Amino acid sequence: MIPAMENDLSSRRWLILASTVVSFFSVGVTFFAVPPLIPELVTRFGLSHLAIGVLVGAISVPAVLFSIPVGAAVDRWPARAAGNVALTLMGLGALIFALAPSYSALFVGRLLFGVGGLVINLLLARLVSTAFAGRELALAMGIFNAVYPASMIAMFTLHPKLLAAFGWRGELLVLAGLVAVAVPLHNFAVPRELRGEEPAKEQASERRVTGPLLALAISWLLFFAANASIFSVPPEWIGGGGSALITVSLIPCVEIFLAPLAGAFIDRTGLAAPWLLAGHLILCGVLAAMALRVIHPIPAMLLVGVTFATVATATYSLPAVLVSAARIGFAFGFITAFSNLGNIAGPAVAGAIRDHLGGWAVAWGVLAAAALVGAIAAWRLVLTENRAAAPSE
């Protein structure tokens, strides 16, 4: 633990969480702003679908390349100053994107926003882990994980009204304004003098990547590989059209309500890894049922929402158990790098299988196997957590 940092934050933990919600919501709505704007961008800039795909993915490039070093850095950086720099980069990126005269400016704006979003995401995860250490941590992480799907639903719901009222550039400027709202709240919530500390001598000799942390990263990678594929291709699997998109939207709807509830149950039981294991096993069963065509799309998507709520909340609750407090930022950076690899690889593999075999059954079967391997990694964490919870003799 880091007593100084924990004492600074524990008394204001709900204020920290409120600041986190606002900052993370501003990340989410800007991330999800591009897909609804694709027709406008194609018309205005004459973009190909490849160029649009690169633009959508540009925000994730920093997470793939820099999650691990940035995670290690937020363990040391002054928290308020690091958050201010991150939010400034986000605001600048959003502003450049909104006013962009060319595709290259759109790309630069998206990339800058991605850098700021990565830093703020890892910093916020570390702050919440420290502020809620030993009390209501999983509930806080459940709320934290519910923000992202809430931002997606808000963006997709409000986009037509914002576009009609302000035009596409005005809509993006409104979203940039959300970042400006997050800045004063961040400065009010996080003490000026708060900073990470050097690890104690016995911690300095610890390996950064331990077996349990690697197991958590593998579990998170395989879960994201399967989950990203489910988000990417079910509209075609379900039959296409608006009803298919509505069916897929059940996933974030379930997560919004269930993630905080899952967090409360994890806090009550005191163990997160069993929930991680259960989520992977349910996901494996759902994907296998989809491969065999024995489940209707609506219950399938509802169950996927259940798995995302439990797995995401449990995953974000575990770094505080697996590593010392001086390494929490690194741990979040490590698992974030793995999740982004899964986010890239999963849909690509599923799509390649679909192209070569002409159907989704094998793709769902392969992803079910990935979820099963993720469950094996989660079982490793169950054993680790049980040993950590056992009373010492």
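Engineer: I'd like to hear about the overall build of the protein, residue by residue, with values.
Structural biologist: Summing up its helical and strand segments, the protein has 18 helices and zero strands in all. Burial status across the protein gives 53% buried among its 393 residues. Roughly 16,100 Å² of accessible area belongs to the protein as shown, and the carbon and sulfur atoms make up 70% of that amount.

Engineer: Account for the packing of helix H3 (residues 34–45) against helix H8 (residues 137–189), with residues named and values stated.
Structural biologist: One can describe the packing of H3 onto H8 by two numbers: an axis separation of 10 Å at closest approach and a directional angle of 30°. One element, H3, and the other, H8, form an angle in the roughly parallel class. As for the relative orientation of H3 and H8, their crossing is right-handed in sense. Taking contact as the criterion, the partners of Pro36, Leu37, Glu40, Leu41, Arg44 and Phe45 in H3 are, on H8, Phe156, His159, Leu163, Trp168, Arg169, Glu171 and Leu172. Each residue belonging to the contact of H3 with H8 can be placed in one class, and the counts come to eight nonpolar, one polar and four charged.

Engineer: Lay out the side chain of Asp75 in plain terms, naming residues and giving numbers.
Structural biologist: Within the secondary structure, Asp75 is located in the loop between helix H5 (61–74) and helix H6 (79–99). A distance of 2.9 Å separates a polar atom in the side chain of Asp75 from the backbone nitrogen of Phe330.

Engineer: Give a detailed account of empty space enclosed by the protein, specifying residues and quantitative values.
Structural biologist: Enumeration over the complete set of coordinates arrives at one cavity of 30 Å³ or more. Its volume calculated, the largest cavity comes out at about 100 Å³. Around the largest cavity, the lining comprises 13 residues; the ones closest to its centre are Thr30, Ala94, Phe97, Arg110 and Leu172. Within the residue set of the lining of the largest cavity, elements represented by two or more residues are H6, helix H7 (103–131) and H8.

Engineer: A description of the packing of H6 against H7 should follow, citing residues and the corresponding values.
Structural biologist: Between H6 and H7, the least distance of the axes is 7 Å, while the angle of their chain directions is 155°. Overall, the two elements H6 and H7 adopt an arrangement that is roughly antiparallel. At the point where H6 passes H7, the crossing takes the left-handed sense. Grouping the constituent residues of the contact of H6 with H7 by class yields 19 nonpolar, five polar and one charged.

Engineer: I'd like to hear about a nonpolar patch on the surface, residue by residue, with values.
Structural biologist: Together, Val349, Leu357, Val362 and Val366 give the surface a local cluster of nonpolar side chains, amounting to about 320 Å² of exposed area. Breaking the nonpolar patch down by element, the ones donating at least two residues are helix H17 (328–357) and helix H18 (361–389). Mapped onto the elements, Val366 comes out in helix H18.

Engineer: Could you give an account of the packing of aromatic side chains, with specific residues and numbers?
Structural biologist: Inspection of the entire model under this criterion finds 17 aromatic pairs. Consider the rings of Trp14 and Phe132, whose centres lie 5.0 Å apart with planes at 85°: the pair is edge-to-face. One end of the pair, Trp14, is in helix H2 (residues 13–31); the other, Phe132, is in the loop between H7 and H8, with 118 residues separating them in the sequence. Among the residues examined, Trp14 registers a relative accessible area of 39% and is labelled partly exposed. For Phe132, a relative accessible area of 0% gives the class buried. Judged by centre distance (6.0 Å) and plane angle (25°), the rings of Phe330 and Phe334 are stacked. With a gap of four residues between them, Phe330 and Phe334 both fall in helix H17, about one helical turn apart. Across the pair, exposure class does not vary: Phe330 and Phe334 are buried alike. Taken together, the ring pairs in this structure connect Phe24, Phe31, Phe32, Phe144, Tyr148, Trp220, Phe223, Phe224, Phe308, Tyr316 and Phe332 into an aromatic cluster. Lying across the ring of Phe330, Arg208 places its NZ or CZ 5.1 Å from the centre.

Engineer: Summarise H3; cite the residues concerned and give the values.
Structural biologist: A rise of 1.5 Å per residue sets the reference length of H3, with its 12 residues, at 16 Å; its end C-alpha atoms lie only 14 Å apart and thus fall more than 12% short of the reference. Every buried residue of H3 is listed here: Val34, Leu37, Leu41 and Phe45. Projected down its long axis, H3 carries its buried residues within an arc of 65°, all on one side. Along H3, exposed side chains directed more than 90 degrees from the buried face belong to Pro39 and Thr43. A positive phi of about 60° marks Gly46, the residue just after H3.

Basis of the calculations
Residues numbered from 1 in each chain as written. Predicted model: local features only at pLDDT ≥ 70, side-chain atom pairs only at ≥ 80, totals over all residues. Heavy atoms only, no water. Helix = DSSP H or I, 4+ residues; strand = E, 2+ residues; numbered from the N terminus. Buried < 20%, exposed > 50% of the residue type's maximum accessible area, 1.4 Å probe, protein only. Areas by Shrake-Rupley, 256 points an atom, 1.4 Å probe, with all protein chains shown as cover. Axes fitted to C-alpha atoms, helices over the stretch in contact; angles between N-to-C directions. Parallel < 35°, antiparallel > 145°, perpendicular 65-115°, else oblique. Left-handed = near helix turned anticlockwise from the far one by under 90°. Contact = heavy atoms within 4.5 Å. Nonpolar A, V, L, I, M, F, W, Y, C, P; charged D, E, K, R; others polar. Polar contact = N/O pair within 3.5 Å; in protein donor to acceptor, adjacent residues only side chain to side chain. 1 Å grid on protein atoms, 1.4 Å probe; cavity = no way out; pocket = protein on both sides within 12 Å on 5 of 7 lines; lining within 4 Å. Points joined across faces, edges and corners; volume = space filled by probe spheres on them. Patch = residues over 30% accessible without salt bridge, like charges linked within 9 Å, V, L, I, M, F, W, Y side chains within 5 Å. Salt bridge = Lys/Arg side-chain N within 4 Å of Asp/Glu carboxyl O. Phe/Tyr/Trp six-rings, centres within 6.5 Å; stacked < 30°, edge-to-face > 60°. Lys NZ or Arg CZ within 6 Å of the ring centre and 35° of its normal. Expected span 1.5 Å × (residues − 1). Arc of directions from axis to C-beta.

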